[in-house]
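Observations on the three-dimensional arrangement
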Amino acid sequence: MNLVMFDMDGTLTDTFALDENCYVLAIEQTLGLTAVVTEWETYTHASSSFCLEEIVRRARGQSPTAAESRAVQSRMIELMEDVYHRHGRATAEIAGASACIEALQRAGHAVSIASGDWEATARHKLTSARIPFHLLPAAFCEASHIRTEIMRTSLARAASHHGRERFERIVYIGDGAWDVRACREIGWPLIGVGRDAHAHRLRTLGTSHVIPDFTELDAFIAALDQARVPAGQG
Ligand SMILES: [Mg+2]
């Protein structure tokens, strides 16, 4: 049995701008901070929890409390709801993502999610995007700040879910530069998700196969067999 593991933001859900705004606004409104640095690649780990820690440490010299983190998550969900009610904009799927997950399961593949988002905000986005995630093994940033650790946790949960010690082949599907680095480090093949300049960047970073979305299912299935561990240096 093969395991196909998906990142969420920008891979299954097309949330980046909406998301980032709600994330930053939630931090500013809940904790009274301003001038949040939104160049996420400059953070050591691109998880919601680590970026919050770093933002609060830079501003106050100490970490946020668990209660503050929970308050930020709740506020972020309220803001996403608010955007929906006022502007009719909600987290959408990357085209074909739901159908792709269902097709993979029908074909006998294991599917799991490994996301740097918090579980609560991730579940809100996956629900909005109508991704059929309820029965999928998943790991979020509560497992670790470190992407490869979130991926390993998702793998362990998928193995347990399917009653297996291991999978014949694991392929990760992601859209971030940090996904390329994580796959190189952990030694898993990667399929990148992106268009135009973003796709070009993923290829430049060493991604062997990049797809714009999941509408060409045959191309995606072929890429699953052919994708390689990202080449090159970090
Ligand atoms: Mg992503």
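Coordinates for the structure precede this section.
Below is a summary of the structure that appears in this document. (Residues numbered from 1 in each chain as written. Predicted model: local features only at pLDDT ≥ 70, side-chain atom pairs only at ≥ 80, totals over all residues.)

1. With respect to the nonpolar core
Put simply, the rule is: A set of buried Ala, Val, Leu, Ile, Met, Phe, Trp, Tyr and Cys residues, joined through C-beta atoms within 7 Å, is what we mean by a nonpolar core. Three classes are used. A residue is buried when 20 or more other C-beta atoms lie within 10 Å of its own, exposed when 12 or fewer do, and partly exposed in between, with C-beta atoms placed from the backbone. Secondary structure counts use DSSP, requiring at least four H or I residues in a row for a helix and at least two E residues in a row for a strand, with both numbered from the N terminus. Throughout the structure description, domain borders are defined by an automatic or database domain assignment.
The biggest cluster of nonpolar side chains holds 64 residues, and the ones touching the most others in it are Val4, Met5, Phe140, Val171, Tyr172 and Ile173. Take this core: its biggest share by element is six residues, from helix H1 (residues 16-31). Of the residues that make up this core, three or more belong to each of domain 1 (2-15 + 92-226) and domain 2 (16-87).

2. Examining the sheet that holds strand S7 (residues 190-193)
Sheet strands line up and pair through hydrogen bonds in the backbone, either parallel or antiparallel. We count it as follows: We treat two strands as partners when DSSP finds at least two bridges between them. Here contacts are defined at the residue level, using C-beta atoms placed from the backbone and a cut-off of 7 Å between them. Axis definition: a line fitted to C-alpha atoms, over the contacting stretch in the case of helices. Angles run 0 to 180 degrees between N-to-C directions.
If you walk across this open sheet you meet the six strands as S5-S4-S1-S6-S7-S8, and the pairing is parallel. The sheet is open, and its two edges are formed by strand S5 (138-139) and strand S8 (209-211), each paired on a single side. Taken together, the two bridges between strand S4 (residues 110-114) and S5 define a ladder with parallel strand orientation. The partner of Ile113 across the bridge, within S5, is Ala138. Along the sheet, helix H6 (residues 147-161) makes contact with strand S1 (2-6), S4, S5 and strand S6 (169-174), crossing S4 at roughly 150°.

3. A short note on the environment of Met1
Along the chain, Met1 turns up in the segment before S1. Sequence spacing of Met1 and Ala95 is 94 residues, and the spatial spacing of their C-alpha atoms is 26 Å. Beyond its immediate sequence surroundings of up to four residues, Met1 is in contact with Gly108, Ala110, His162, Arg164, Phe167 and Glu168.

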